[in-house]
Amino acid sequence: MRHIISVLLENEAGALSRVAGLFSARGFNIESLTVAATNDETLSRMTIVSVGDDGIIEQIVKQLEKLIDVVKVTDLTATEHIERELLLVKVDVNPNTQADIDRQIDQFSAKIVDVSEDTYLIELAGQSKKINDFLDALDASKILEVSRTGVTGVCQRREG
Amino acid sequence: MKLNGAKILVQSLKNEGVDHIFGYPGGAVLHIYDALDAQDDIKHILVRHEQGATHAADGYARTSGKPGVVLVTSGPGITNAVTGIATAHMDSIPMVVISGQVPSALIGNDAFQEVDAVGITRSCVKHNFLIKDINQISSTIKKAFHIASTGRPGPVLIDIPKDVTITQIDEPAYVDTIDMRSYQPIVDGNPEQITKAAELILSSKQPIIYAGGGCVIGNADQELREFTRQLSFPITQTLMGLGAYPAKDNLFVGMLGMHGTYEANMAMHDSDCVIAVGARFDDRITANLSKFCPTAKIIHIDIDPSSIGKNVAVDVPIVGEVKSVLKDLIQALKGKKTADISSWWSQINEWRSVDSLAYQTKEGVIKPQSVIEALYEVTEGKAIVTSDVGQHQMWAAQYYHFDEPRRWINSGGLGTMGFGLPAAMGAKLAEPNLDVACVTGEGSIQMMLQELSTMLQYNTPVKIINLNNGYLGMVRQWQEFFYEKRYAMSYMDALPDFVKLAESYGHVGIKVEKEEDLKPALIEAFKQKDRTVFLDIMTDPSENVFPMIPSGAGHNEMLLAGRDEMASTNDEGLNLV
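The rules behind these values
- Residues numbered from 1 in each chain as written.
- Chains lettered and ligands numbered in written order.
- Predicted model: local features only at pLDDT ≥ 70, side-chain atom pairs only at ≥ 80, totals over all residues.
- Heavy atoms only, no water.
- Helix = DSSP H or I, 4+ residues; strand = E, 2+ residues; numbered from the N terminus.
- Rg over C-alpha atoms; globule rule 2.2 N^0.38 Å.
- Buried < 20%, exposed > 50% of the residue type's maximum accessible area, 1.4 Å probe, protein only.
- Contact = heavy atoms within 4.5 Å.
- Areas by Shrake-Rupley, 256 points an atom, 1.4 Å probe, with all protein chains shown as cover.
- Lys, Arg positive; Asp, Glu negative; His and termini not counted.
- Charge placed at Lys NZ, Arg CZ, Asp CG, Glu CD.
- Salt bridge = Lys/Arg side-chain N within 4 Å of Asp/Glu carboxyl O.
- Arc of directions from axis to C-beta.
- Core = buried A, V, L, I, M, F, W, Y, C linked by side-chain atoms within 4.5 Å.
- Pairing = 2+ DSSP bridges.
- Right-handed = clockwise from strand over helix to strand, strands pointing away.
- Axes fitted to C-alpha atoms, helices over the stretch in contact; angles between N-to-C directions.
- Buried area = accessible area lost by both parts, 1.4 Å probe.
- Patch = residues over 30% accessible without salt bridge, like charges linked within 9 Å, V, L, I, M, F, W, Y side chains within 5 Å.
- Polar contact = N/O pair within 3.5 Å; in protein donor to acceptor, adjacent residues only side chain to side chain.
- Phe/Tyr/Trp six-rings, centres within 6.5 Å; stacked < 30°, edge-to-face > 60°.

A. Region of the structure containing the overall build of chain B. Across its full length, chain B holds 21 helices and 20 strands. Over its C-alpha atoms chain B spans a radius of gyration of 24 Å, differing by no more than 12% from the 25 Å that the globule rule assigns to 577 residues. Its C-alpha atoms give chain B principal-axis dimensions of roughly 75 × 60 × 45 Å. Burial analysis of chain B (577 residues in total) assigns 59% to the buried set. The long-range share in chain B, meaning contacts at least 24 apart out of those at least 6 apart in sequence, stands at 76%. Accessible surface, chain B as shown: approximately 22000 Å² in total, 50% of it carbon and sulfur. Charge separation in chain B, taken as the distance between the mean sites of 49 positive and 69 negative side-chain charges, equals 3 Å.

B. Structural detail: the overall build of chain A. Assigned secondary structure in chain A consists of four helices and nine strands. Mapped in sequence order, the helices and strands of chain A form the string β-α-β-β-α-β-β-α-β-β-α-β-β. A principal-axis box enclosing the C-alpha atoms of chain A has dimensions of 55 × 35 × 35 Å. Residue pairs in contact within chain A that sit at least 24 positions apart in sequence constitute 72% of those at least 6 positions apart. Put simply, chain A shows about 8600 Å² of open surface, and 48% of that area lies on carbon and sulfur atoms. Treating the 17 positive side-chain charges of chain A as one cloud and the 27 negative ones as another, the clouds have centres 5 Å apart.

C. Region of the structure containing the pattern of salt bridges. Residue and element names in this part refer to chain B. Inspection of the entire model under this criterion finds 32 salt bridges over all chains. A salt bridge links Asp304 to Arg152, with the nearest nitrogen and oxygen atoms 2.7 Å apart. On the criterion of sequence distance, the pair formed by Asp304 in the loop between β13 (297–302) and β14 (316–319) and Arg152 in the loop between α6 (137–149) and β7 (155–161) is long-range, its members being 152 residues apart. By sharing partners, the salt bridges in this structure join Lys362, Lys367, Asp540 and Glu543 into a single network.

D. Region of interest: helix α3 (residues 98–107) of chain A. Residues and elements named next belong to chain A. Every buried residue of α3 is accounted for by Ile101, Gln104 and Ile105. Projected onto a plane normal to the axis of α3, the buried residues spread over an arc of 100° and lie on a single side. Projecting away from the buried face of α3 at angles above 90 degrees are the exposed residues Ala99, Asp106 and Gln107. Looking at the buried residues of α3, the elements they touch are β5 (81–92), β6 (111–115), β7 (119–126) and α4 (128–137). The positive-phi residue at the C-terminal boundary of α3 is Ser109, with phi of around 55°.

E. Expanded view of the nonpolar core. All names here are of chain B. Counting residues in hydrophobic clusters, the biggest one holds 106 residues, and the most contacted among them are Phe227, Ile299, Ile465 and Leu535. The contacts of Leu535, once residues within four sequence positions are left out, are Ile464, Ile465, Asn466, Ile510, Val512, Ala521, Leu522 and Ala525. In this structure, Ala53, Ile78, Ala88 and Leu429 belong to the second largest nonpolar core, which totals 47 residues.

F. Examining the pairing of strand β6 (residues 127–130) of chain B more closely. Residue and element names in this part refer to chain B. Both β6 and β7 contribute to a ladder of four bridges, which runs parallel. In the sheet register, His127 faces β7, and the bridge partner there is Val156. For the handedness criterion, the β-α-β arrangement of β6, α6 and β7 is classed as right-handed.

G. Region of the structure containing the sheet that holds β13(B). Residue and element names in this part refer to chain B. One open sheet holds the six strands; their spatial order is β11-β10-β9-β12-β13-β14, and the pairing between them is parallel. The two strands at the open ends of the sheet, each matched to only one other strand, are β11 (252–255) and β14. Direction aside, the axes of adjacent strands within the sheet are offset by 15° on average. As paired elements, strand β9 (residues 207–211) and strand β12 (residues 273–277) share five bridges and run parallel to each other.

H. How the structure looks around the interface of chain B and chain A. The partner chain A presents 18 residues to the 16 residues of chain B that form the contact. Approximately 1400 Å² of surface area, both sides summed, lies buried where chain B meets chain A, with 47% of it carried by carbon and sulfur atoms. On the chain B side of the interface with chain A, the three residues burying the most area are B:Arg122, B:Arg181 and B:Ser182, jointly 43% of the side's total. Here B:Asp304 ties to A:Lys66 by a salt bridge, and the two come within 2.8 Å at their closest N and O atoms.

I. Local environment of a nonpolar patch on the surface. A grouping of A:Leu86, A:Leu88 and A:Val113 is seen on the molecular surface, where their side chains present a nonpolar patch of about 190 Å² in accessible area. Examined against the element boundaries, A:Leu86 turns out to sit in strand β5.

J. Representation of the side chain of B:Arg62 in the model. Residues and elements named next belong to chain B. For Arg62, the position within the fold is in helix α3 (residues 50–64). Looking at Arg62, its side chain comes within polar contact range of the side chain of Asp91, at 3.1 Å. A distance of 2.7 Å separates the side chain of Arg62 from the backbone oxygen of Asn410, its partner in a polar contact. What Arg62 contacts, discounting residues up to four positions off in sequence, is Thr87, Asp91, Ile93, Met240, Arg406, Ile409, Asn410 and Phe419.

K. Region of the structure containing helix α2 (residues 30–37) of chain B. All names here are of chain B. Of the positions making up α2, those classed as buried are Ile32, Tyr33, Ala35 and Leu36. Considered in projection along α2, the buried side chains sweep an arc of 160° and stay on one side of the axis. In α2, the exposed positions angled more than 90 degrees off the buried face are occupied by Asp34 and Asp37. On its buried face, α2 sits against α1 (5–15), β2 (20–23), β3 (43–46), β4 (68–72) and β7.

L. Inspection of the sheet that holds β4(B) at higher detail. Residue and element names in this part refer to chain B. Strand order in the open sheet formed by six strands is β3-β2-β4-β5-β7-β6, and the pairing between neighbours is parallel. Pairing within the sheet leaves two strands with one partner each, and these edge strands are β3 and β6. Averaged over all pairs of adjacent strands, the angle between strand axes in this sheet comes to 20°, irrespective of strand direction. Running over the sheet, α2 touches β2, β3, β4 and β7 and is turned about 130° from β4.

M. Summary view of the packing of aromatic side chains. Residue and element names in this part refer to chain B. The full count for this structure, using the stated rule, is 16 aromatic pairs over all chains. Between Tyr376 and Tyr400, the aromatic rings sit 5.1 Å apart at their centres with planes inclined by 85°, giving edge-to-face as the arrangement. Residue Tyr376 is found in helix α14 (residues 368–378), and its partner Tyr400 is found in the loop between α15 (391–399) and β16 (408–409); the two are separated by 24 residues along the sequence. Judged by relative accessible area, Tyr376 falls into the buried class, the value being 17%. Taking the centre distance of 5.9 Å and the plane angle of 40° together, the rings of Phe481 and Phe546 count as tilted. With Phe481 in helix α18 (residues 473–482) and Phe546 in the loop between β20 (533–538) and α21 (571–574), the pair connects residues that are 65 residues apart, well separated along the chain. Taking the relative accessible area as the measure of exposure, Phe481 reaches 5% and is therefore buried.

Right under this line is the structure:
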């Protein structure tokens, strides 16, 4: 099952490689990983999407907690949470396809953030499923470049 | 007063009570060596290879309970140390390794003797640091010792660029306390879990206590003894746990696992309640996981939450220091009556009567088992015994009946050949008044021979018990059993004359070829209190370690000496190590 694991860790050099190294050394799977500083500049928040049965996810959480730099680990999937991912996609646009692309942008409430003579750069934020659906809806042969941030998420309760 | 980084580093080590450093100088650590030379509180042991430094520090740590300290230079200095760091990591041994690094401005430039020490060691340390600022030296040392020696102990590496050791600042004030928000090891077990465990213990009819290295590392031997005797339950110990509970006590049913006793493994298999104390259900212990303890409820006490439920599903997990949890359990069980387990004991004694450690003697041949038995006799069971890795290690574990913790020093987790000799040196430095024996083989000993030179320089007299059978014995045994006796590259031709070799290093060498010479040679060796003696003992080249659970089998499928001369395995087993 897919799990979103949120990790609060010391904002130290090498913290990211400790986490990435742990996943590769123990054969855990990473679907996506995002990391950035928080409002407290000494702390970073890392959001990892991984797939595994309950035993594997339990090990992932425990092994992450064991890392000295890690302050807190939360399996967001186990709680009420909001997840978001940002997509930037560059598509080929010509008079024949423009109407269809515009319609999809409208339907998904996506946003055109840059336009050139024959391309659109489109931005879309939402759950990963929505982004997958949007990409599916676009004509695959017209997609020039895709960049996704990976999932970030927050627990909805006051105390995450 | 202004001090340079090297002096601050040395002062910080003194503040942590360091009395020995095992190391080897080189360009990146010259300032530190200069600072070490200017003081007398810390004794530096100049090893002959950095791997030797880590194993010696490890032996020192296992014997004394204090963190072992290592100092090496950048590049090959630290890469040579990696095997010893990984060895300590697998066995949860407290160790602090300081490695020099090229000057900050050169990091990343492929400078002379530059490696990414923090990157290389990341997966085999408990934690590591790169000190970029002289102001962080004292606090980093404090953190390193704290992390290495608390919670589940382990090695911590500190990489320090050369320029940081020469710049100067005002001497930092010593801060005695430390609080890390991200590192708060749990000490006491959850009271509800302890109550649940106590209930399960009291209702069990076929219980067994399975105690591991955590009882030694966690200094919980007294609590383990009290707990076991309070219940009169059978107790088995892992390779790493030996000595925490006295081997000669009647409640002890021997070591468990691949080369454990028949009674220990059969009892594990048939148990209805396994009480795991500071053990981690390692594959040498569990054998085939799908056949492991099919009818048992499992209580698992461990300091490391990630050890619990990793290999085996647990019914009552208790996270905490084994010492503290055992104390609470003893309290919770006080005055309570256990179920009648007399028929369980009768069953265990029946298994015991199989005498699974019996072995056949042969005229004119020295049996390796008899060497360990003679060693036990001559040292009255009181020596510290280190070992290398292979058959001799198993025989030492089986036939030297350890009655005290921190007397059996071996690389159980990583299985590092070459560990025994430098570890013996470290053990002797930690306990100069105890006899130290290094049980080894002609394969293992050749991996760290150069430390014989260090042992002369620092006068650390140990007795080397070389079980010389001309083969990489454990490899040979597996080839005999599982590869139709195709002994691929397991025979060592062209061995050195170990007697002359020992003599050339300034030690005493004795060759033993006849059984009647064995005991007199051992007596002679231990009589020479202040000399390192190399006993090169020619043992039976065809002897195998029994009993044995072959790969892929369960605890109740042991092979016994005399009964099963040949083992076999299946495809699944062949894929296991």
